[in-house]
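Coordinate inspection notes
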Amino acid sequence: MSATPIPTVTPSGEDGPLRPPTDFQTRRMRLNSARRYAVNHLVTGLAVLSTVLVIVPLVAILGYLIYKGASSLNLAFFTHIPAPVGETGGGMANAMLGSGIILALASSMGVPVGIAAGVYLAEYGWGTMLGMAVRFTADVLNGIPSIVMGIAAYSLIVMRQMHFSAFSGGVALAIMMVPTITRTTEEMLMTVPHAIREAALGLGVPKWRTVISVSLRTASPGIITGCMLAFARVAGETAPLLFTAFGNQFWSFKLNEPIAALPLQIYVYAISPYDEWHRLAWAGALVLILMIMVSVTLVRIYAGRGILKGAS
Amino acid sequence: MGVGIDVEHLNAWYGTNHTLQDINLNIPANHATALIGPSGCGKSTFVRCLNRMHETNPIARATGVVKMGDVDIYKDASPVDIRRRVGMVFQRPNPFPTMSIYDNVASGLKLNGFRNKAILDETVERSLKAAALWEEVKDELKKKSGASLSGGQQQRMCIARALAVDPEVLLMDEPASALDPVSTSKIEDLIFQLKSQYTIVIVTHNMQQAARVAENTGFFLNGKMVEFNSTDKIFTTPSDKRTEDYITGRFG
Amino acid sequence: MSLEREPEPSSPPTAPTPQMDAAPLRAPAIVNFVAASGPVAEEGPPSPIRQYLRARGNGGLADGTFAAVMLVCALSIFAIVLFILTILIARSRMSLAQFGFGFFTRSAWNPVTGDFGALPFIYGTLATSLLALAMAVPLALGVAIFLSELCPAKLRAPISFLTELLAAIPSVVYGLWAVFVLVPIVRDQLGPLLVKYLGWTGFFEGANFGVGLLTASIILAIMILPIISSITRDIMLAVPVSQREAVLALGATRWEMIRTGVLRNARIGIVGAVILGLGRALGETMAVTMVIGNHPDISRSLFAPANTLASVIAGEFSEATSSMYISALIEIGLALFLVTIVVNAIARALVWAVTRGAPARVH
């Protein structure tokens, strides 16, 4: 785009013959335009560059995981407990089972409370001061470091019982799940059109039944998705389990004893000096991340961005 | 059969907005009564006070006496009881999206715990016939979702749903305003047939519809009821100048 | 269409007859139009449906109970916060009493003699977090700008999906990768490069074993990038299109439109997003613990091993034997809790101010 000359008027205001603009004006305007376009292109380039720089670590990490871990994923990995130090072979079966047990425990406590709190926010407390306070607090809780939850559970349960346990690990994870599920449940219930609630109320259906059979039923796919998201998030957490579940080299089925968990085991193996354990750590990390990726992908397909925004 | 409704000194607020000011009227049983008036004059609020839906809004408030038959609906009964006796059809069809047509129509009964399958089947059929929808959906009652019908069909299904609980009064808040003319005329025919069995109150801003369908008409303006009389009289020799202005189209 | 009145099938004796005279214009039309206060004579007993519904309770008790249960669960959110606060204060009483506020200004950390001071960890936390922010914020902004303004529509979904995937990777997996990939890079390639070109700044002195503040900052930057980028993108999308159009109509280039039409309106929210990223960085535990070197030292060199508030807890808790040691570590946990609450509260308030919190109910 080249600068067009500006028509000028003589100082007396009359429409005199058009004087051509000075050279100075034209050149400056041309330079200005060129500079602005250059800046525009530069910024575009920077934006693209940053996106590439962000994608690169992701691909690097995933690729490296597959490269290091895939070869160790054999049947033994999924069925055996760790071999004694110095021996090869063995697997992380007890850690996977332990994770399953802890997560089941955490979900049984965290999911009902979280969904109920979300129901309150959307159906009863919408617009009230209490509702806003609960929502805000839940958002803030979502940002608290998970190790704090672990220490709290340790202080409450482990210190009193004088031993580590799967139960305390479940409690620590449940505390983490509640705020996340609360917010996602609330967001999904807000998408239920008010008109169908009115339809049910107008038929003489009591409010509690309306909430269950109309609101929750309509929003249930999204609510389940939100729970899956919270589940995937705590499945990878290590810090809260460090001093609650503590880890276990053997099979453990009792809720009152220390229990192995997949992320915990990965951590212990990663910082150990044994190559064999490093190999297992890579394989375990690959399994963990595959599980989480599947959950995130399902969530994405199902619910789009809204869910993930609420949980971050 | 229907019951009559007596309204005395009804006032309603949304927050600080005095939406209804001292409404007094008697709605006769087994007749269709139309309520007309410009937008925002309180017709919908009035109708929602009749089945206590007004109070579902947290900032809403109402005072006064509304009697359905012998029962003061605000003092003598709970909102849930009243709403089971008074059916409501809304401006936009609002079928339950997760339920089939059958479940939608039966929802007033099923969600209240009614389990007798034979009576449910019979009620659904009867209601859909009364709503002139039976022939169109009878083969797909349980397979099709309530939300997959056309707009006019959905509204007739909502009417069937309201009829299924055998109400004594039927409130209709601009039931045809979101529909095409063919569906509209079908619904008007419906109201014509139903009014002998129920007391019908229909809110409309379409004066011709009121003239076609109702025996009595009330004219609302700015939260007050200006005039209430037989439809004939309202439209031919209105007593109040404001009514006459509205009818002849000078405002609204 | 003429108004046809069909004869009523079984008309009850309430035929309407207007009783009113032509009222003066101003009198309100109160009409005792029809004396219809009583119910119409019913034809036979009420139908079984009406019987059933009349007899059925109105669910008042169930309603009240249900609402109460929902309320209690909602209040549990507050209970969780209070519970964490009280239990942490209770269990750190010992070191609170012993060291008072000076705990956070002293540099000693000697489990043997029982002398504890958290200053090195505060330094480590601040240094790694701020350095990580400095690396992550420009990149996150770039990604957010790219995704919301410049990206071709087809690429948008895959790329934003990939950034969200980055957010989902667990900390321990980042740590694992950092230990075996990042540490050698920092030790063998990045380190010497930095010493060569930036050694004059004095930040790169001393031995470089690959673990230390720098490595921890890098992995931290990778980890907080997705959340800053995602929230920034939401905030940018919340700026109304009219603002963009107004600037474009004045003849601005794409970037100028972004700068004045979008970023200027969104800057409060973007600050909020950055602070949220800071909050995440302050509390990140596992990955940092694995690569920071675990040494309670304050050093200017970025190659030096250090510790953060979170990593000292993770690293030393299982070895803490004396009650004072445990108490001191729990006190650090308490400090971490309070700091992250404040930071997150400020950040959420800022983000809420721009996007107005929860989405509006659909009517």
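Now for a description of the structure that goes with this document. Predicted model only: the values in this text are computed from it and were never measured. (Residues numbered from 1 in each chain as written. Chains lettered and ligands numbered in written order. Predicted model: local features only at pLDDT ≥ 70, side-chain atom pairs only at ≥ 80, totals over all residues.)

1. Brief notes about the pairing of strand 3 (residues 32–36) of chain B
All names here are of chain B. Worth spelling out the cut-off: Remark: C-beta atoms are placed from the backbone, and a residue is labelled buried if 20 or more other C-beta atoms sit within 10 Å of its own, exposed if 12 or fewer do, or partly exposed between those counts. Only runs of H or I of at least four residues qualify as helices and only runs of E of at least two qualify as strands under DSSP, and these elements are numbered from the N terminus. Two strands qualify as a pair provided that DSSP identifies no fewer than 2 bridges between them.
Here strand 3 lies mainly inside the structure; five of its five residues are buried. Going residue by residue along strand 3, you find Ala32, Ala34 and Ile36 tucked away on one face and Thr33 and Leu35 tucked away on the opposite face as well. In this structure, strand 3 lies alongside strand 8 (residues 199–203), joined through four bridges in parallel fashion. Directly across from Leu35, in strand 8, lies its bridge partner Val203. Two strands pair when backbone bridges link them, and strand 3 and strand 9 (residues 216–221) are joined in this way by four bridges, in the parallel orientation.

2. Brief notes about the sheet that holds strand 2 (residues 17–27) of chain B
Residue and element names in this part refer to chain B. The strand order across the open sheet formed by four strands is 2-1-4-5, and the pairing between neighbours is antiparallel. Either end of the sheet is taken by a strand with one partner, and the two such strands are strand 2 and strand 5 (71–72). Alignment of strand 4 (residues 60–68) against strand 5, held across two bridges, turns out to be antiparallel. Its bridge partner being in strand 5, Lys67 is matched across the sheet by Asp72.

3. Re the nonpolar core
In summary, soluble globular proteins display a tendency toward joint burial of nonpolar side chains. Worth spelling out the cut-off: For this analysis, nonpolar core means a set of buried Ala, Val, Leu, Ile, Met, Phe, Trp, Tyr and Cys residues linked through C-beta atoms within 7 Å. Either an automatic procedure or a domain database provided the assignment from which the domain bounds are taken. Residues are scored as being in contact if the C-beta atoms we place from backbone atoms lie within 7 Å.
Counting residues in each nonpolar core, the largest one holds 279 residues, and the members touching the most others are Ile219 and Val291 of chain C. Split by domain, this core shows at least three residues from each of two domains, domain 1 (1–72) and domain 2 (78–311) of chain A. When residues no more than four places from it in sequence are discounted, the contact partners of Ile219 of chain C are Tyr174, Ala178, Leu182, Ala287 and Val291 of chain C.

4. Some remarks on helix 3 (residues 101–110) of chain B
Of all 10 residues that make up helix 3 of chain B, nine are buried, and the element is covered over most of its length. Regarding helix 3 of chain B, the residues found buried are Ile101, Tyr102, Asp103, Asn104, Val105, Ala106, Ser107, Gly108 and Leu109 of chain B. In this structure, the buried residues of helix 3 of chain B make contact with helix 4 (117–130), helix 5 (134–137) and helix 6 (151–164) of chain B together with helix 1 (48–55) of chain C.

5. Quick look at unusual backbone geometry
All names here are of chain B. Look at Asn30: it is not a glycine, yet its phi comes out positive at around 55°. Counting through the fold element by element, Asn30 comes out in the loop between strand 2 and strand 3. The exposure class assigned to Asn30 is buried, which follows from the 24 C-beta atoms found within 10 Å. Unusually for a residue other than glycine, Ala132 sits at a positive phi of about 60°. Following the sequence through the fold, Ala132 ends up in the loop between helix 4 and helix 5. By the C-beta count within 10 Å, which is 16 here, Ala132 ends up partly exposed.

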